[in-house]
Amino acid sequence: MQKWKCTLCSYVYDPALGDPDNGITPGTPFEGLPDDWVCPDCGAEKEFFEPLGWWVPHDVSEARSSRPTGEKRSDRWRLSDIGSVLPDAQRSCGIAV
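Residues numbered from 1 in each chain as written. Predicted model: local features only at pLDDT ≥ 70, side-chain atom pairs only at ≥ 80, totals over all residues. Heavy atoms only, no water.

Engineer: Hey, could you run me through the sheet that holds strand 2 (residues 12–13) in this one?
Structural biologist: Taken in spatial order, the three strands make up an open sheet running 2-1-3, and their pairing is antiparallel. The open sheet is flanked by strand 2 and strand 3 (49–51), the only strands paired with a single partner. Judged from the two bridges that link them, strand 1 (residues 4–6) and strand 2 form a sheet pairing that is antiparallel. Note on strand 2: the bridge partner recorded for Trp 4 is Tyr 13. (Pairing = 2+ DSSP bridges. Helix = DSSP H or I, 4+ residues; strand = E, 2+ residues; numbered from the N terminus.)

And the structure:
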């Protein structure tokens, strides 16, 4: 299940754990939290949370490819590739390197 991170304090809501101190049972997805639920650490509302990284569904029927049709894993950018084009991109935007 997808974890969600508070953008204000970095608290991570893990649906597998829920938020028992605030009446949220384990297994409750973020979308199933009450509208008035807030971050237990800083009090931020749900709108201040964002999905945390990639996740692997427990149920294979939930799985969807994150790659466009026909794209191979080797077609993806690597960190080393990004590092090599970044200076070129900065120069083309007029940013001093």
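And the narrative resumes.
Engineer: Sorry, what's going on with the side chain of Asp 14 here?
Structural biologist: Residue position: Asp 14 is located in the loop between strand 2 and strand 3. One polar contact links the side chain of Asp 14 to the main-chain amide nitrogen of Ala 16, over a distance of 3.0 Å. (Polar contact = N/O pair within 3.5 Å; in protein donor to acceptor, adjacent residues only side chain to side chain.)

Engineer: I would appreciate a short explanation of the environment of Pro 51 in the present structure.
Structural biologist: Its place among the elements puts Pro 51 in strand 3. Of the residues examined, Pro 51 reaches a relative accessible area of 46% and is grouped as partly exposed. As a C-alpha pair, Pro 51 and Trp 4 span 47 residues in sequence and 4.4 Å in three-dimensional space. Excluding residues within four positions of it along the chain, Pro 51 makes contact with Gln 2, Lys 3 and Trp 4. (Buried < 20%, exposed > 50% of the residue type's maximum accessible area, 1.4 Å probe, protein only. Contact = heavy atoms within 4.5 Å.)

Engineer: What is the right way to read the packing of aromatic side chains from this model?
Structural biologist: The geometry of an aromatic ring pair is captured by the separation of the ring centres together with the interplanar angle, meaning the angle of the planes. Tallying each qualifying case throughout the model produces seven aromatic pairs. Measuring from ring centre to ring centre gives 5.4 Å for Phe 30 and Phe 49, while their planes differ by 40 degrees; the resulting arrangement is tilted. Placement of Phe 30 in the loop between strand 2 and strand 3 and of Phe 49 in strand 3 is noted, with a sequence separation of 19 residues between them. Of the two residues, Phe 30 and Phe 49, neither departs from the other in class, the shared state being buried. Members of the aromatic cluster, each reached through a chain of ring pairs, are Trp 4, Tyr 11, Tyr 13, Phe 30, Trp 37 and Phe 49. Lying over the aromatic face of Phe 30, Lys 46 brings its terminal NZ or CZ to 5.5 Å of the ring centre. (Phe/Tyr/Trp six-rings, centres within 6.5 Å; stacked < 30°, edge-to-face > 60°. Lys NZ or Arg CZ within 6 Å of the ring centre and 35° of its normal.)

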